[in-house]
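# Reading the structure
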Amino acid sequence: MAQQFLSIEEFNQLIQQWNDKTIKVTKQEIGDYDETVLRLNAVSYDTDTRRVDDYQAKHKLLLRGDGTMLTDAANTQPLPNQVYEIPIEDSTLFQYDDERFSLTTDRGSYTIELITE
């Protein structure tokens, strides 16, 4: 199926259905690539009203669960604080194609997909 654009509300409804499932998050930013695999326990959002600069996102998507990160150096390490943060802004594009989510921000792109167990 072709990718469809979603509102943040539609994205939230769909991603909540992936609770208690294993997901892979792939991040591609300028000069930075990593993959994280985690057992998704909860999805939430945070707003930072006390940002010191524009590099820090005003809003964050928080994917909570046990997981591991694979970085550029091919090192595997535990997910800090059992949470994966994705910065989101008003301009973030949310897409879904029945298999994976794609989030595109000013800083990079993120893909969230189910891992078949």
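### A few points about the nonpolar core
Within soluble globular proteins, side chains that are nonpolar generally end up buried alongside one another. Counting residues in hydrophobic clusters, the biggest one holds 22 residues, and the most contacted among them are Phe11, Leu61, Leu63, Ile86, Phe101, Leu103 and Ile112. Within the residue set of this core, elements represented by two or more residues are helix H1 (8-16), strand E2 (22-29), strand E3 (32-47), strand E4 (59-70), strand E6 (83-88), strand E7 (93-96), strand E8 (100-104) and strand E9 (108-114). For Leu63, the contacting residues outside a window of four places in its chain are Ile23, Val25, Leu38, Leu40, Ala42, Val43, Gln82, Val83, Tyr84, Ile86 and Ile112.

### Description of the side chain of Asp97
Mapped onto the fold, Asp97 is located in the loop between E7 and E8. In terms of polar contacts, Asp97 uses its side chain to reach the backbone amide nitrogen of Glu99, at 3.0 Å. Separated by 2.9 Å, the side chain of Asp97 and the backbone nitrogen of Arg100 make a polar contact.

About the thresholds
- Position labels on residues start from 1 in each chain and follow its written sequence.
- Since the coordinates come from a predicted model, pLDDT governs what is reported: local features require at least 70, and pairs of side-chain atoms require 80 or more to be given and counted, while whole-chain, interface and lining totals use all residues.
- For side-chain calculations, the full set of non-hydrogen atoms in the structure is used, while hydrogens and water are omitted.
- What we call a nonpolar core is a set of buried Ala, Val, Leu, Ile, Met, Phe, Trp, Tyr and Cys residues that are connected through their side-chain atoms within 4.5 Å.
- Accessible area is worked out with a 1.4 Å probe on protein chains only. A residue is then buried under 20% of its type maximum, exposed over 50%, and partly exposed in between.
- A run of H or I in DSSP counts as a helix once it spans at least four residues, and a run of E counts as a strand once it spans at least two, with each numbered from the N terminus.
- Working rule for contacts: check all heavy atoms of both residues, and any pair within 4.5 Å makes them a contact.
- Under the rule applied, a polar contact is a pair of N or O atoms within 3.5 Å (in protein, one hydrogen donor and one hydrogen acceptor; residues adjacent in sequence only if both atoms are side-chain atoms).

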